[in-house]
Protein chains: 2
Amino acid sequence: MNTSVKHLTWLPYLTNAAPAGCTSPLQTAQAELLSGLANLADAPTVSLNVDAAMGESWQIIQESENAYTITGGEAGILYGVYRLLMALNAGAAIPQGVQKPFYGLRMLNCWDNADGDIERGYSGRSLFFEDGKLDYDPDRIRQLARMLASVGLNVLCINNVNVRNPAHKLIEEEWLPQVAELAALVRPYGIRLMFSIDYAHPMRHGIQTADPLDKAVQDWWMEQTALVYKYIPDLAGFLVKADSEHRPGPFTYGRNHADGANMLARALKPFGGMLVWRCFVYNCQQDWRDYQTDRPMAAYQHYTYLDGTFEDNVILQIKHGPFDFQVREPISPTFYAMPKTHLALELQLAQEYTGQQIDIYTMPPMWKELFEQLPAETVMSIAAVTNLGRDDNYTGHPFAAVNLFSYGLFAWNPATDPEEAVRLWARLTYRFDEANENTLVKMLMGSRRTYEKYTAPLGICWMVNPNHHYGPNPEGYEYAAWGCYIRADRNGVGIDRTETGTGYAKQYPEEWCRYYSDLATCPDELKLFFHYLHYEDVLSDGRTLIQRIYDDHFEGYEEVEQMAETLKTLPLPSPDKEVAAERMERQLINARNWCDIVNNYFCRLSGVEDAKGRKIYH
Amino acid sequence: MNTSVKHLTWLPYLTNAAPAGCTSPLQTAQAELLSGLANLADAPTVSLNVDAAMGESWQIIQESENAYTITGGEAGILYGVYRLLMALNAGAAIPQGVQKPFYGLRMLNCWDNADGDIERGYSGRSLFFEDGKLDYDPDRIRQLARMLASVGLNVLCINNVNVRNPAHKLIEEEWLPQVAELAALVRPYGIRLMFSIDYAHPMRHGIQTADPLDKAVQDWWMEQTALVYKYIPDLAGFLVKADSEHRPGPFTYGRNHADGANMLARALKPFGGMLVWRCFVYNCQQDWRDYQTDRPMAAYQHYTYLDGTFEDNVILQIKHGPFDFQVREPISPTFYAMPKTHLALELQLAQEYTGQQIDIYTMPPMWKELFEQLPAETVMSIAAVTNLGRDDNYTGHPFAAVNLFSYGLFAWNPATDPEEAVRLWARLTYRFDEANENTLVKMLMGSRRTYEKYTAPLGICWMVNPNHHYGPNPEGYEYAAWGCYIRADRNGVGIDRTETGTGYAKQYPEEWCRYYSDLATCPDELKLFFHYLHYEDVLSDGRTLIQRIYDDHFEGYEEVEQMAETLKTLPLPSPDKEVAAERMERQLINARNWCDIVNNYFCRLSGVEDAKGRKIYH
């Protein structure tokens, strides 16, 4: 047993240390199968049957009462082994028929900086970097790769999209030999590396420009990419954040983002690499006095007119909502508007705006709503910003692992039932009796709605402390340059984003535009995202807006109080019990602050008291 | 000429380098007189006549048309020389009769950290420290000492009251030899050093407590103080910030501040040293839901009951207002309430909340109001937080030097006429023709009122960005723990601090309490400090509160526009011209932001438009 592997998250059914020394997913599958079966009381016989043509797909056939055959490509067999072991350990049903991943690239984006810090990281320092260099524990990397492979993820981008010196060296000769060793650690788990690159990288090497139409720039990227693939022939590709939040990009040279992305894609194409280009581009120096500019409209405006002009190995990666991972946003309209482009959905497991792995916030219920609405044709890849770090339990709050686990399941099959995913994680992780398992699952399943209630009212987000993004601050962004204003006044709150307002709703296909624009159909939870309402306006449930705000916030806090009581009853093992208890104390304080501050804010504005006579501090 | 002396501020009538090699103020006086007279076209004959009994006082007698005698103690003669040279150079009147300083200790408090950073410093890095050690240019220190001596200041506390490692070494054997060299540099200018000390210092040396009643603690301070005085026999004393904003202090041990101050005072007394104890003590972990606690009441509550219990070499140093150097505060009531205690007034030259030496903000008009109200009997010393740094011109904005210059004059004579002080500084510094001098003086004299207009309405302060304290943020502190809430709502704004409210006004002597409590006498500029008013309430000038807020903010911005035009017409020398012009661009942006954001904020709350139809962005 390797002590550097701190915690097995949802994998206690395997041996503690991940298999080392394997050179292919098939070998890993064999090793995992061996140790996994050894842990089972009544272990079945399992045969592995390679069918290279199946690639990452797999099929489990029950040959007799206690004998299975897993057929698949090398990676497919590995996924099948993990899934069979999960099912046997959890007493869950074994998926029938050929299991094929819905999304081709199932990516994890780490926002790790070379100094070891993680941007928006809430689980300790980087697993990959420290002190300006690669610095990792091979045993933990293998364990990490095993965690990801066990839920079917296949691409790991190890560095922050905001590439800060010296992370650009990941694609330079100086670092590449060591990076190749890292790639070799995860390769037997079916995982390919990806790097975030600095768009202006050529300018570090004597080239006077980063203009994508400049021959010297193009040649530099061709050569540099070839060098990278010499060391890491299966690199998944590059990830780019350009012209966003002070990052360099094609706009500097009067070029558009197709120019920029295609230039890089052409350098990757000979090696089968993908160029993933983030669409998180907006004016982050907006003047609050400017009521025309509406930040959620930015991605659509910057990209949709370029549809059809991208190389076929370009992927545009789009955040699920038009803002930035708020607790409640409508789906990004850009997903509907680029039928000729390979798109990727970007989720965020890191709980930046959603409790920072202090507050419990389980995402699958939110994803279910999202995937039901997401067009399937052009969204062919998926990415999530990681919630991982060097903490013993990898995710800070032990329950935050449920989001990483479920992300893998949804990335494989977006029709995954959220409660099944959460239950499977809970059972694999804790093996509670049925009553306790039900209690935990129920608490997790309700946690997002609870968080939403005590924080953001009805689609008005951003009432958060600037910079660190934890805790309430109703006007924290109100006069800032980031474009996320709430514009509440004494009469009401909300932004009119219909055609009588900023026109944002018109970016959707007509049916969705009508749906959101019509107060009769727009869901209450998004009413203030799309409409300015008066405090006395009546919502679909018969309550006034102001009363609904008060009710939600009081209820949200009360639900956290109940969660705290529930948590005490769960027979969690140590140290999860202590860690969860300590974080729950902070969640209680946070929820109380949110409740009181938001209610106070709107009470001062509206002058309306709570109809139920509860205490509003003013 | 020594190139390390960058700028002569108001001393161009002297030679560039300050005299070196002098060992007493008398020698310095002789050297300065020589070089000062050499610079005059029609130099008079000046005799110096030492009368040790006069100490720091001096008298200039005109013996004939072009001959003067200066009589005084050693330091007094030095002050007299500077004052005579100023008068001769400026064509100003020579003060008649014996000139005796009003305040005994005329202190400058530097908030310099050992790492070279200055807390709330806007003029570059520290003149004394860098990289965790003493590090200074002797020529600049002499020039600094000369600047201070030329306006009669006599105590220089070189380190931040928030004593951070390793600044505590200033009183340790390791640093003392070098500190003594620094003391020797300023001594010939009549300036004594002072150190901010770490109240918990003994705990760095194996003592388990900092309890002031503990014998080991008392003995440690006795010994350590004796050591310090071995190296610096004329040290002015120690400055302490205790039990404030997370600093350690006597409260930790259940003792009061007299216990703490007296323990240190007894260690200093054998050497004639003073113990200066800051009264900036309040609850900085207040819950905004707590409407009883009122931060401006804190100093009075913490100290007045201790009146009469302090050693006679203890000085309590009290900020001029009850909050923290806001643009407009009433005088601190604590000044009236401790008749048996030696008090010091604390001003802040560093423009923390008042434009950060970007915006022009000339303080003497504010001080005039203050000194007219300050009781003379117990306030016997004075201190100011410095606005100095390593910038070529010492004060960032060249005009900010007027505050340091005038501070010296007011510290010597609080009845100083503010315009005369400003004019004398302007004339010595720039030697403009009369029209330009008048223009500059008028601009400076009006700058505080202008700043007040575009920032804080009628005594409501704190509508500022937290942490760095530059720029508007109406609710920036509204839900924070610092106790500075504005509590505006849809009906009105202001805090009732009369007896119907928090009762703060009752801390004043009865006549002042009545004055502030009665809306008929309370000056408009402080109405919202003492009263909650409705937006439609009518002020003493006949305008409604909301219209007054709008008018002030629009006028404030327009006045900055005029200042910008005025500034262009002034024949400033380079680089002052360029520095002032660049900062004025930033002041214009700042004033525009303040004007628009504060007006927008109150318009959203009140629903009232500007009666004059000016643009309010909402």
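Before going into details, it helps to say that this report is about the structure given with it. All figures in this text were calculated on a predicted structure; none of them were measured in a lab.

## Considerations on the overall build of chain A
Now for step 1: Within chain A, the regular secondary structure consists of 15 helices and 15 strands.
Now for step 2: Relative to the globule expectation of 25 Å for 618 residues, the C-alpha radius of gyration of chain A, 25 Å, shows essentially globular dimensions.
Now for step 3: Each principal axis of the C-alpha distribution contributes one length, and for chain A these read about 70 × 65 × 45 Å.
Now for step 4: Evaluated residue by residue, chain A yields a buried proportion of 64% over its 618 residues.
Now for step 5: Look at the contacts in chain A between residues 6 or more apart in sequence, and 72% of them connect residues 24 or more apart.
Now for step 6: Element-wise, carbon and sulfur atoms account for 50% of the exposed surface of chain A, whose accessible area totals about 21400 Å².
Now for step 7: A gap of 2 Å separates the mean positions of the 54 positive and 79 negative side-chain charges of chain A.

## Description of the sheet that holds strand β4 (residues 106-109) of chain B
Two pairing modes exist for strands in a sheet, parallel and antiparallel, and in both the strands are linked by backbone hydrogen bonds.
Residues and elements named next belong to chain B.
Now for step 1: One closed barrel holds the 8 strands; their spatial order is β4-β7-β8-β9-β10-β11-β12-β13, and the pairing between them is parallel. Across the sheet, the mean angle separating the axes of adjacent strands is 25 degrees when strand polarity is ignored.
Now for step 2: As defined by bridge partners, strand β7 (residues 155-157) adjoins strand β8 (residues 192-196) across 3 bridges and the pair is classed as parallel. In the strand pairing of β8, C157 is matched with M194.

## Thoughts on the sheet that holds strand β10 (residues 274-278) of chain A
Residue and element names in this part refer to chain A.
Now for step 1: Pairing within the closed barrel is parallel, and its 8 strands lie in the order β4-β7-β8-β9-β10-β11-β12-β13. Mean inter-strand twist for the sheet, computed between neighbouring axes without regard to direction, equals 25 degrees.
Now for step 2: Here strand β11 (residues 314-319) pairs with strand β12 (residues 342-348) via 5 bridges, running parallel. In the sheet register, I315 faces β12, and the bridge partner there is H342.

## Concerning the relation of the copies chain B and chain A
Now for step 1: With an RMSD of 0.0 Å, chain B superimposes on chain A once it is rotated by 180 degrees and translated 0.0 Å along the axis. What the rotation and shift describe, once combined, is the action of a two-fold rotation axis.
Now for step 2: When you check the interface residues of chain B against chain A, 100% turn up at the interface there too, and the contact is symmetric in its surfaces.

## Observations concerning the nonpolar core
Now for step 1: Formed by 390 residues in total, the largest nonpolar core has its most connected members in W10(A), W425(A), F602(A), W425(B) and F602(B).
Now for step 2: Excluding its chain neighbours within four sequence positions, the residues that come into contact with F602(B) are P457(B), M463(B), A488(B), V493(B), Y535(B), I546(B), I549(B), Y550(B) and G607(B).

## Examining the pattern of salt bridges
All names here are of chain A.
Now for step 1: Inspection of every chain in the model, using the stated rule, returns 96 salt bridges over all chains.
Now for step 2: Measuring nitrogen to oxygen at the nearest pair gives 2.6 Å for the salt bridge that ties K319 to D324. Comparing K319 with D324, the two get one shared label, buried.

## Notes on helix α3 (residues 138-150) of chain A
Residues and elements named next belong to chain A.
Now for step 1: If you check α3, its first and last C-alpha atoms are 18 Å apart, about what 13 residues at 1.5 Å a residue would give, namely 18 Å.
Now for step 2: Most of α3 is tucked away: 11 of the 13 residues are buried.
Now for step 3: Looking only at α3, the buried set comprises R140, I141, R142, Q143, L144, A145, R146, M147, L148, A149 and S150.
Now for step 4: Where α3 terminates, the next one or two residues include G152, which has phi positive at roughly 85 degrees.

## Regarding the packing of aromatic side chains
Residue and element names in this part refer to chain A.
Now for step 1: Following the criterion strictly, the structure yields 79 aromatic pairs over all chains and no others.
Now for step 2: A centroid spacing of 5.2 Å and a plane angle of 55 degrees characterise the contact between F280 and Y282, whose relative ring orientation is tilted.
Now for step 3: Residue class for Y282 comes out buried when judged on its relative accessible area of 8%.
Now for step 4: What links up through ring pairs into an aromatic cluster is the set F323, Y336, Y353, W462, Y477, Y504, Y508, W512, Y515, Y516, F529 and F530.
Now for step 5: Across from the ring centre of F280, 3.3 Å away, lies the NZ or CZ of K319, which sits over that ring.
Now for step 6: Here the basic side chain of K615 rests over the ring of Y617, its NZ or CZ set 5.3 Å away from the ring centre.

## Quick word on the interface of chain B and chain A
Now for step 1: Counting residues at the interface gives 23 residues for chain B and 23 residues for chain A.
Now for step 2: When chain B packs against chain A, the two sides together hide about 2300 Å² of surface, and 50% of this comes from carbon and sulfur.
Now for step 3: Considering only the side of chain B, the residues that lose the most area to chain A are R289(B), R490(B) and R604(B), jointly responsible for 35% of the buried surface there.
Now for step 4: On inspection of chain B and its partner chain A, the count reaches 4 salt bridges.
Now for step 5: In this structure, the salt-bridge partner of E478(A) is R604(B), at a minimum N-O distance of 2.6 Å.
Now for step 6: Classifying every residue of the side of chain B that touches chain A gives 9 nonpolar, 5 polar and 9 charged.

## Brief notes about the state of the cysteines
All names here are of chain B.
Now for step 1: Inspection of the entire model under this criterion finds 0 disulfides over all chains.
Now for step 2: With no disulfide of its own, C157 lies closest to C110 among cysteine sulfurs, the gap being 7.2 Å.
Now for step 3: Left unpaired, C279 is separated from the closest cysteine sulfur, that of C157, by 16 Å.
Now for step 4: By relative accessible area, which is 4% here, C279 ends up buried.

## Quick look at the pairing of strand β9 (residues 237-240) of chain A
Residues and elements named next belong to chain A.
Now for step 1: Examined bridge by bridge, strand β8 (residues 192-197) and β9 share 4 bridges and lie parallel to one another. The partner of F195 across the bridge, within β9, is F238.
Now for step 2: Between the parallel elements β8 and β9, the chain passes through helix α5 (residues 215-231) in a crossover that is right-handed.
Now for step 3: Relative to β10, β9 runs parallel, the two being bridged by 4 bridges. If you follow G237 over to β10, its bridge partner there is M274.
Now for step 4: For the crossover from β9 across helix α6 (residues 257-268) to β10, the handedness is right-handed.

Definitions and cut-offs
- Residues numbered from 1 in each chain as written.
- Chains lettered and ligands numbered in written order.
- Predicted model: local features only at pLDDT ≥ 70, side-chain atom pairs only at ≥ 80, totals over all residues.
- Heavy atoms only, no water.
- Helix = DSSP H or I, 4+ residues; strand = E, 2+ residues; numbered from the N terminus.
- Rg over C-alpha atoms; globule rule 2.2 N^0.38 Å.
- Buried < 20%, exposed > 50% of the residue type's maximum accessible area, 1.4 Å probe, protein only.
- Contact = heavy atoms within 4.5 Å.
- Areas by Shrake-Rupley, 256 points an atom, 1.4 Å probe, with all protein chains shown as cover.
- Lys, Arg positive; Asp, Glu negative; His and termini not counted.
- Charge placed at Lys NZ, Arg CZ, Asp CG, Glu CD.
- Pairing = 2+ DSSP bridges.
- Axes fitted to C-alpha atoms, helices over the stretch in contact; angles between N-to-C directions.
- Least-squares fit on C-alpha atoms with pLDDT ≥ 70 in both.
- Core = buried A, V, L, I, M, F, W, Y, C linked by side-chain atoms within 4.5 Å.
- Salt bridge = Lys/Arg side-chain N within 4 Å of Asp/Glu carboxyl O.
- Expected span 1.5 Å × (residues − 1).
- Phe/Tyr/Trp six-rings, centres within 6.5 Å; stacked < 30°, edge-to-face > 60°.
- Lys NZ or Arg CZ within 6 Å of the ring centre and 35° of its normal.
- Buried area = accessible area lost by both parts, 1.4 Å probe.
- Nonpolar A, V, L, I, M, F, W, Y, C, P; charged D, E, K, R; others polar.
- Disulfide = S-S within 2.5 Å.
- Right-handed = clockwise from strand over helix to strand, strands pointing away.

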